[in-house]
Amino acid sequence: MSTEPADARTACRTHVDLISGFLGAGKTTFIQKYCAWLREEGISFAVVENEFGAVGVDAAALKASYADIHELSGGCICCSMLPNFTELLLKLAGRYERIIVEPSGIFDATSFFEIMELVRTRSGAETGFCAAIVDPRCLCRLQGEELCVLRSQLAGSSSVIYSKCDLPDLPDLAVCGEFLRALAEDGTLQIMETPAHLMRQKDFGTLLEQRAVLRPVALKKLNHAALFHCPSCKPDVTFTRAQLEWFLTRFLEGGAARDILRIKGTVRAAGGGYFAVNCTVCDCMVEEAETGYGILYFIMRGSPTAELRVRMDALFSSLPA
């Protein structure tokens, strides 16, 4: 079954799905599963991938399996990259049945509805479902402005999907649900019974029947570029897996790293190829990768400090054999 765009002479009706969630919630993993289901069903689709950092690590993961991946990196599609995002949606509308949007983890969902009003008027494309992916293990780690971001994402979500429920240290999901409904100021906020890793055909079918409505919640307008920064580092060393895991563990233990919310990227492996790094406030994952840029990106609260770079260099120079 084809996922190629419809012929220009047979333009299709397009729905735009928004998959939001805070940094490291598991959006890309969910989208990979959703795309696989769409392909099985013969539903044409494209993915718009937005990275706050300069290089699209998540887009690379999706491109390994799917052709129609469109990347917007180096800012947020709700602010600095809004014109690019709007233009891309207008270009894709009518060519695919579903356009799947994965915004940065610090996305303001209210902007999506403003953009879609313009897109609907000019192209006929409609808003599809809007799901917020939530890692329940990380909720207690979010604070201040991060909770404001999550609140914005919940305000426009038709449902919440829990992720990473197959990992240890899972909190009480009923308590998490109460917290999310209070944050969204909506006691009826729908939380999918099936977590992301167990979703099947009927669950995706349920999602496609949903339509998002922006809740009338008072939201704080945030300047993402001022609140969050994304410094990068290109290590001039190669790593074994053990060395890389040692570095990440020691680095995140230091006080200088307390404001880091996400580390992602690739580094050169000692035996050739690369390791892909994906760290959140809850966990750190290292996987082998055939290709990469050899760059790590650090998404963090506030501006990077000199102390952070000094600690990083000290750890690079003292890697265990």
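The structure this text deals with has already been given above.
Throughout this document, residue positions are counted from 1 along each chain, in the order its sequence is written. Thresholds applied to this predicted model are a pLDDT of at least 70 for local features of residues and 80 or more for the giving and counting of side-chain atom pairs; totals over whole chains, interfaces and linings are not thresholded and use all residues. Water and hydrogen atoms play no part in the side-chain values, which are based on all heavy atoms of the structure.

Visitor: I'd like a description of unusual backbone geometry, backed by residues and values.
Guide: One non-glycine residue, lysine 164, adopts positive backbone phi at about 55 degrees. Within the secondary structure, lysine 164 sits in the loop between strand E6 (159-162) and helix H6 (173-184). Only runs of H or I of at least four residues qualify as helices and only runs of E of at least two qualify as strands under DSSP, and these elements are numbered from the N terminus.

Visitor: A description of helix H5 (residues 144-155) should follow, citing residues and the corresponding values.
Guide: Every α-helix winds through 3.6 residues per turn, so residues three or four apart in the chain are directed the same way. Here a helix's expected span is defined as the number of its residues, less one, multiplied by 1.5 Å. Compared with an ideal rise of 1.5 Å per residue, which puts 12 residues at 16 Å, H5 spans 17 Å between its outermost C-alpha atoms and is within 8% of the ideal. Between buried and exposed lies partly exposed: a residue is buried under 20% and exposed over 50% of the maximum accessible area for its type, with that area taken using a 1.4 Å probe on protein chains only. Within H5, burial applies to Glu146, Val149, Leu150, Arg151, Ser152, Gln153, Leu154 and Ala155.

Visitor: Let's hear about the pattern of salt bridges: which residues, and what values?
Guide: Salt bridges, as used here, are contacts in which a Lys or Arg side-chain nitrogen is within 4 Å of a carboxyl oxygen on Asp or Glu. Applying the stated criterion across every chain yields a total of 12 salt bridges. Between arginine 301 and glutamate 146 there is a salt bridge, with its nearest N and O atoms 2.6 Å apart. Pair noted here: arginine 301 is in strand E12 (residues 296-301) and glutamate 146 is in helix H5, with a separation of 155 residues, a long-range link. The closest approach of N and O atoms between glutamate 245 and arginine 241, which form a salt bridge, is 4.0 Å. With glutamate 245 and arginine 241 both in helix H9 (residues 241-253) and four residues apart, the pair spans about one turn of that helix. Given a relative accessible area of 37%, glutamate 245 falls into the partly exposed group. Connected through shared salt-bridge partners, Asp135, Arg137, Lys164 and Asp283 make up one network.

Visitor: Which residues make up the pairing of strand E2 (residues 45-51), and what are the values?
Guide: Every regular strand shows the same layout, with side chains that alternate between the two sheet faces. Counted residue by residue, E2 has seven buried out of seven residues, so it is predominantly covered. Alternating residues of E2 divide into Phe45, Val47, Glu49 and Glu51 and Ala46, Val48 and Asn50, and every residue in both groups is buried. Where E2 meets strand E4 (residues 98-102), five bridges bridge the pair, whose relative direction is parallel. In the strand pairing of E4, valine 47 is matched with isoleucine 100. Here, any two strands with at least 2 DSSP bridges between them count as paired. Here E2 pairs with strand E3 (residues 69-73) via five bridges, running parallel. Counterpart to glutamate 49 in the pairing with E3 is glutamate 71.

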